Amino acid sequence: MAAEGGGKEMNEIKTQFTTREGVYKLLTHSEYSRPNRVPFNSQGSNPVKVSFVNVNDQSGNGDRICFNVGRELYFYIYKGVRKAADLSKPIDKRIYKGTQPTCHDFNPLTATAESVSLLVGFSAGQVQLIDPIKKETSKLFNEERLIDKSRVTCVRWVPGSESLFLVAHSSGSMYLYNVENTCGTTAPHYQLLKQGENYAVHTCKSKSARNPLLRWTVGEGALNEFAFSPDGKFLACASQDGFLRVFGFDAAELHGTMKSYFGGLLCVCWSPDGRYIVAGGEDDLVTVWSFSDCRVIARGHGHKSWVSVVAFDHCTTSVEDGDPPAEFSGSDEDFHEQIHFGVGRDRANSAHSRLSKRNSTDSRPVSVTYRFGSVGQDTQLCLWDLTEDILFPHLPLSRTRTHTNVMSATSPPATGQTTTTVSTTTTNPSGTNGKDNVSNSSSSGNPANSLPGTLPRSNSLPHSSNPAGGSTPNSHTGSSSNSSSTTTTTTTTAAKGNSIIDSAFIATGVSKFATLSLHDSRKERHEKDHKRNHSMGHISSKSSDKLNQLSSSRTAKADAAKTLGTTLCPRMDEVPLLEPLVCKKIAHERLTVLIFLEDCLVTACQEGFVCTWARPGKVGLLSSQNNPANSPSGTVV
């Protein structure tokens, strides 16, 4: 571990980090990469991505891992924290010519020990369906590139379906496919099905069944990532135009939108109960959006460059209310299967009903915390806690912080439902600065029409000495929002505006606290602007979508001016600013993967190294096998 202080130690790669649950440790012998373990020269190549599936193998070795590195695609048995990785025996390895794999997804419904269905998207626009266990290639979609010629950015099986899948492209379009249908020999003709603000859905006109079934055009510029809600009913899309758009998937109706503080949105994920969405992107921030209220409830600032992946840690999911916590057991895939297809809904609902019961009838403590993580192009891993003082700012102040636990529920809460005093037991503030300061959480816009008399204490501190660029309005726009001004633009219309307060009303509540998060912005403005420009230029020179970025940047600037200060994009002083619990440099190259599994978390960087971090107390079997001579880049098998 690096010592306290500046200089060389600050750039050391960390191999462990501590949270209130304990120590997470990098398992150097559980690293997956190309068999030769040589760092991949990532210049100009597509991001390394990782997919997992559980094949319910009787031997207990049911997890399978797939990852792409450059033109290569690998498929291994994933041994996680149990055994060292044997890179000499991939189950399947493929090398592609003329195109590169960009993303992939397993179908958990059809996976068995003898067969798995893996979708792979490519840089030239095609999508391949393969079975790496049988070593078969069953179908190639968009083979002639008649449907879309642009890079595939995201591919996902539709939850609950064995045959439907959704594909997003850098053109800004999404296509719904059926594996049973062909793609035809001519370009498809479309008929408008539904149209709304900055989106349209078309059906494919054809006498016989063919792909695609539907075409979605969403926003301007690339559609960088989409994610289905845990129940499979809603779809969240993160676009290069900076907008998060959430749709009802079956009805193709827009539920709500959010605008990034600056630049494009690159990643998006849902909380396990479907109540919150977290998005990250080119503003170096993570933004938390409430599904029921359709508004930004918090931002997190810890990264020094673009945020490439966000993910919730469902394994810390529980309700702390005096009853035993509602926990999910099983693998990552088991959990997803449960919440997608209703198997685990009874347990989740019982946890939710317990919470509602405690809130309405009991004065016993209720503690709610969501844990999520993010990785970025700054090579840093950040872990965040979304605590009850942010989620329910109208509640009385909790004196001390709780240990991490997350509410498990499947239905959005009723407005103003939680009314009890939240009292907590532990005294660890767990913020990275070790102090318990007053935050500006009252400005998050309460569902009730009254601002709290006291401000909550949490790790959501507007930490003035944070050197990272991109945290203040001044570093991105010309808006004069770095002073404690009480005037803002009045709110524009927002879809489903449940419990959304006029932003001018919010501003009056935060005027006295605005300087908490922004008093440093003037003196650090030049330094931050320099970092921002350097960061953007450095990354965009590597980008394969320069034209898309250039064309969308003009409209993005115009949009930013219109939306800043509205519920689409609150000013920095209008919502709580979270600080990360953990912020560690863990790689040499930009990070592209973050996945939370039951006994570990998995990260990957652009050099092609897939790393396993054991959760506290999960190292177990392997500690005796740990060779002190092992380097962080892995062992030679």
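Since we're looking at a predicted model, the values are computed, not measured. (Residues numbered from 1 in each chain as written. Predicted model: local features only at pLDDT ≥ 70, side-chain atom pairs only at ≥ 80, totals over all residues. Heavy atoms only, no water.)

Summing up its helical and strand segments, the chain has 7 helices and 32 strands in all. With 637 residues in all, the chain has 60% of them scored as buried. Within the chain, contacts between residues separated by at least 24 positions form 64% of all contacts whose residues are at least 6 apart in sequence. Summing over all exposed atoms, the chain offers an accessible surface of approximately 24,800 Å²; the carbon and sulfur share of this is 50%. (Helix = DSSP H or I, 4+ residues; strand = E, 2+ residues; numbered from the N terminus. Buried < 20%, exposed > 50% of the residue type's maximum accessible area, 1.4 Å probe, protein only. Contact = heavy atoms within 4.5 Å. Areas by Shrake-Rupley, 256 points an atom, 1.4 Å probe, with all protein chains shown as cover.)

By size, the foremost hydrophobic cluster in this structure holds 24 residues, and its most contacted members are Y32, V50, I65 and F67. For this core, the secondary structure elements donating two or more residues are β3 (50-54), β4 (63-69), β5 (72-77), β30 (591-596), β31 (600-605) and β32 (610-614). Dropping the residues within four chain positions of it, I65 is found in contact with Y32, V50, S51, F52, Y74, F75, Y76, Y78 and V610. Counting residues in hydrophobic clusters, the runner-up holds 21 residues, among them V288, V310, F312 and F392. (Core = buried A, V, L, I, M, F, W, Y, C linked by side-chain atoms within 4.5 Å.)

To continue, consider the sheet that holds strand β25 (residues 307-312). The strand order β25-β26-β27-β29 describes an open sheet built from 4 strands, whose pairing is antiparallel. Each edge of the sheet is formed by a strand with only one pairing partner; in this case those strands are β25 and β29 (582-585). This sheet shows a mean twist of 15 degrees between the axes of neighbouring strands, independent of strand direction. Judged from the 5 bridges that link them, β25 and strand β26 (residues 369-376) form a sheet pairing that is antiparallel. In the strand pairing of β26, V310 is matched with S374. (Pairing = 2+ DSSP bridges. Axes fitted to C-alpha atoms, helices over the stretch in contact; angles between N-to-C directions.)

It is worth spelling out unusual backbone geometry at this point. The omega angle of the peptide bond from N211 to P212 is -5 degrees, so this bond is cis rather than trans. The residue P212 is located in the loop between β15 (199-205) and β16 (214-218) in this model. Its identity is not glycine, yet K135 carries a phi of approximately 60 degrees, on the positive side. Mapped onto the elements of the fold, K135 is located in the loop between β9 (127-131) and β10 (136-141). For R145, which is not a glycine, the phi torsion comes out positive at approximately 60 degrees.

With that settled, the discussion passes to the sheet that holds strand β8 (residues 118-122). Reading across the sheet, the 4 strands line up as β7-β8-β9-β10 and stay open at both edges, with antiparallel pairing between neighbours. Each edge of the open sheet carries a strand with a single partner, namely β7 (101-106) and β10. Along the sheet, successive strands turn relative to each other by an average axial angle of 20 degrees, direction set aside. In the sheet, β7 pairs with β8 via 5 bridges, with the strands oriented antiparallel.

Tallied over the full model, the rule gives 0 disulfides. Between C237, a cysteine without a disulfide, and C154, which holds the nearest cysteine sulfur, the sulfur-to-sulfur distance is 9.0 Å. C600 takes part in no disulfide bond, and the closest cysteine sulfur to it belongs to C315, at a distance of 8.9 Å. (Disulfide = S-S within 2.5 Å.)

Below, the discussion takes up the packing of aromatic side chains. Enumeration according to the criterion identifies 25 aromatic pairs in this entry. With 5.4 Å between their ring centres and 40 degrees between their planes, Y32 and Y78 make a pair best called tilted. Of this pair, Y32 sits in the loop between β2 (22-26) and β3 while Y78 sits in the loop between β5 and β6 (92-95), placing them 46 residues apart in sequence. Taken individually, Y32 and Y78 each receive the classification buried, so the pair is uniform in this respect. On the basis of an interplanar angle of 70 degrees and a centroid distance of 4.8 Å, the ring pair of F234 and F291 is categorised as edge-to-face. Of this pair, F234 sits in strand β18 (residues 234-239) while F291 is found in the loop between β23 (285-290) and β24 (295-301), placing the two residues 57 residues apart along the sequence. We classify F234 as partly exposed; its relative accessible area is 22%. Relative accessible area serves as the criterion here: at 8%, F291 is assigned to the buried category. (Phe/Tyr/Trp six-rings, centres within 6.5 Å; stacked < 30°, edge-to-face > 60°.)

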